[in-house]
Amino acid sequence: MKRHSPTPILLATFALLVYVFVYLPMATLMVFSFNGPANGENVRREWVYATGQWHAFSLEWYQRLFGDKDLAQAFAHSLVVAFWVVTISLLLGTMTAYALYHRKFWGKGVFEQLLYIPLFMPGTIVGVSTLMFFRFIGLPRGFWSILVAHVAFTVPLVTLVILARMQRINWSLEEAALDLGASPFTAMRKVVFPLLRPGIFAAGLLAFPWSFNDFVITFFLHGPKYDTLPIMIYSMAGRSGAVSPRVNALGTLVLVGSLLLIVGGVWLQRKRERQS
Amino acid sequence: MSKTYSVELKGVRKLFGEVAAVNHIDLQVHKGEFFSLLGPSGCGKTTCLRMIGGLEAPDAGEIFINNVCVNRIPPYERDASIVFQNLALFPHMSVAANIAFGLKLKKLPKRHIERTVAAMLALVQLSGLGKRRPDQLSGGQQQRVAVARSLVLQPEVLLLDEPLAALDRKLRKEMQVELRRIQRDVGTTFIYVTHDQKEALSMSDRIAVMKDGVVAQLGTPSQIYESPRTRFVADFMGAANVFEIETLQRHNRGLRLRTLGGLVVYAPFPSSGAHTPSGLSIRPEAIRLHARQSDAQGENVFEGKVVSSVYLGDVIEVEIALACGERLVALSNTASHAPPVNVAQAVWVSWAAADSNLLHD
């Protein structure tokens, strides 16, 4: 006789619930980003269209969004910051991982542990303390303060991911390259780096959204003239809880952009692997 | 002028922490020689190879390649190339790109590289497979790529670190023959590290048997196999019959030895100047089995009883308890004319004095 276990059903239910709570809000946001005034209707209060009642399909909020100079500026700020954060932290993180994996030096164990602690620290504390420290050293709030703080907190992330990749590399390949006449630098460039590339790529894919999305630390450091996108969205949502439907439109764009980034990244990766 | 060696080690020593992985080794490898470093794992053979290749630095002593001290020369400038145990083929490059790797670094003209790679592929019988990736090749083919990738640089010496260890038995045999053929074709010096005594015996011009970081014995395969000098070498080369000598005296039939177990054996006189032998080894295949005493010939003839017999296909490994209590292992062939070797059966054994090998440690 076959015994029926409740486990698979329970598991499936849980899984379904998780997906529902993760993706349904996003779907709602996307749908309502197209909720606008019907023909001839006069928009008096924007937040009426943000959620709740469906009026009519419209690209109203997208149009307003693209006309919004402040928002465009914030978006540009976020992109610029994330770009430099990813570039610098990949460079530093790869070197850190290489040193941690490959070299022995005094205090290595302590160094490694200290590196990971920031990943577990509450953002508000980090934000406040970073702000105070920057005041102390005289670094004004703005692009540079955000950049430095973001790099400091993405380097551990990048290091961790690349270190994991390094543990899977066959290091006699590096020795083989040296043996066949490659200088240490050439061996790194022609053999170690190509083998690390998937790890570096994955690390970049993690670091970019980390920087692009960060609200808490950035909130303390952005200053009056350097709003990033999350800061902007927060201020648009307002304190009354009345959200502008422009946020819906913006959210939709960001979601679609992230999705394209991930899908495109995976596709590129697969293509590269197939080629080489 | 002194002779030019392909590779020479003078008093080389390498410590890992407190342990000497290699402890004062002197070696001379001739040009064009197939030289094997043979020993159990941990004997220092791979460390030796890596020091010659420049991947480890010796703590003492000097290493010469072509009579030039290379102690301070980094691996990428040494005239030696390693075939790694795990082959270390670059997985992100084609077979041809793997072989061309070293040539490209030398900035040779593209057409020259293409021609050389094609010739190399032909030498290792992989023509037409240059565009494949290493993981699309069989184990034996990958092996050939690894050898080709190193040989294409025309090094003074090719260093091979148990390259056949991962292959199955049949393929191993094929590759042994193949490696030997390639070595004869190109005439490059090969230094081959292995723990497989049969492999070393069948491929090498000379063998250095290593133990605990020192060379236990150096010689041609037949010297090592037929006249092991120490208990360790005798045991490692598969001479199952090793006895302790209690007393010895000169006799007209040769050296007359008495083992600790009371066996009285004749052996050849040791060469003058040699140390007093302390042990005795007899290779199993040197011992003949007879059903009757009258058939037995040679200086050493004993009666015994079969204790066990193990069928191995081509031969039967027979363990015999002699009347004095010592035990012997002999090989009986499975052909029909051989005497029966059933357990508990009485049997006569014999061997020539010349097959009694003296041990000196």
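Quick note: structure is the one above.
These numbers were taken from a predicted model, which means no experiment stands behind them.

Engineer: Is there a simple way to think about the overall build of chain B in this case?
Structural biologist: Each helix and strand counted, chain B has 8 helices and 20 strands in total. Along the first, second and third principal axes, the C-alpha set of chain B runs to 75 × 45 × 40 Å. Considering only residue pairs separated by 6 or more positions, chain B has 65% of its internal contacts joining residues 24 or more positions apart.

Engineer: Sorry, what's going on with the pairing of strand β7 (residues 157–161) of chain B here?
Structural biologist: If a strand is regular, its side chains alternate between the two faces of the sheet. All names here are of chain B. Taking burial as the measure, the 5 residues of β7 include 5 buried ones, the bulk of the element. Side chains of β7 alternate between two faces, with V157, L159 and D161 and L158 and L160 buried alike. In this structure, strand β6 (residues 80–83) lies alongside β7, joined through 4 bridges in parallel fashion. What sits directly across from V83, in β7, is L160. Pairing of β7 with strand β8 (residues 189–194), which is carried by 5 bridges, proceeds in the parallel orientation. Along β8, the bridge assignment pairs L159 with I191.

Engineer: Help me understand the interface of chain B and chain A in this model?
Structural biologist: Where interface size is given, it is often the accessible area lost as the parts come together that is meant. Counting residues at the interface gives 17 residues for chain B and 16 residues for chain A. Broken down by secondary-structure element, the contributors of at least two residues to the side of chain B that touches chain A are β6 and α2 (95–105) of chain B. Tallied by class, the residues present in the side of chain B that touches chain A amount to 10 nonpolar, 5 polar and 2 charged.

Engineer: Where do I start with the sheet that holds strand β20 (residues 357–359) of chain B in this structure?
Structural biologist: Strand pairing in a sheet relies on backbone hydrogen bonds. The paired strands run either parallel or antiparallel. Residues and elements named next belong to chain B. What the 5 strands build is an open sheet, ordered β13-β12-β11-β14-β20; its pairing is antiparallel. Edge positions in the sheet fall to β13 (264–267) and β20, since each has one partner strand and no second. Pairs of neighbouring strands in the sheet enclose a mean axial angle of 45°, with direction left out of account. Taken together, the 6 bridges between strand β11 (residues 241–251) and strand β12 (residues 254–259) define a ladder with antiparallel strand orientation. Among the inter-strand pairings, L248 is bridged to a residue of β12, identified as L257.

Engineer: Hey, could you run me through the nonpolar core in this one?
Structural biologist: Within soluble globular proteins, side chains that are nonpolar tend to cluster in buried spots. Core analysis: the largest hydrophobic core is formed by 131 residues, its most contacted members being I52(B), I99(B), A148(B), L159(B), I191(B) and V209(B). The element that contributes the greatest number of residues to this core is helix α6 (residues 143–166) of chain A, accounting for 9 residues. Those residues within four positions of V209(B) in sequence are excluded, and the remaining contacts are L38(B), G39(B), A216(B), Q217(B), I224(B), V233(B) and F236(B). Counting 11 residues, the second largest nonpolar core, distinct from the first, contains W61(A), F75(A), A249(A) and L250(A).

What counts as what
Here, residues in each chain are numbered from 1, in the same order as that chain's written sequence. To read the labels, note that chains go from A and ligands from 1, taken in the order they are written. Since the coordinates come from a predicted model, pLDDT governs what is reported: local features require at least 70, and pairs of side-chain atoms require 80 or more to be given and counted, while whole-chain, interface and lining totals use all residues. A run of H or I in DSSP becomes a helix once it reaches four residues, and a run of E becomes a strand once it reaches two; helices and strands are each numbered from the N terminus. The contact criterion used is a C-beta to C-beta distance within 7 Å, with each C-beta placed from the backbone. As a rule, residues whose C-beta atom has 12 or fewer other C-beta atoms within 10 Å are exposed, those with 20 or more are buried, and those in between are partly exposed; C-beta atoms are placed from the backbone. Should DSSP find at least two bridges between two strands, the strands are taken to pair. In this classification, the charged set is Asp, Glu, Lys and Arg, the nonpolar set is Ala, Val, Leu, Ile, Met, Phe, Trp, Tyr, Cys and Pro, and all remaining amino acids, among them Gly, are polar. Angular values range over 0 to 180 degrees, each being the angle between N-to-C directions of two axes fitted as lines to C-alpha atoms, with helices fitted over their stretch in contact. A set of buried Ala, Val, Leu, Ile, Met, Phe, Trp, Tyr and Cys residues, joined through C-beta atoms within 7 Å, is what we mean by a nonpolar core.

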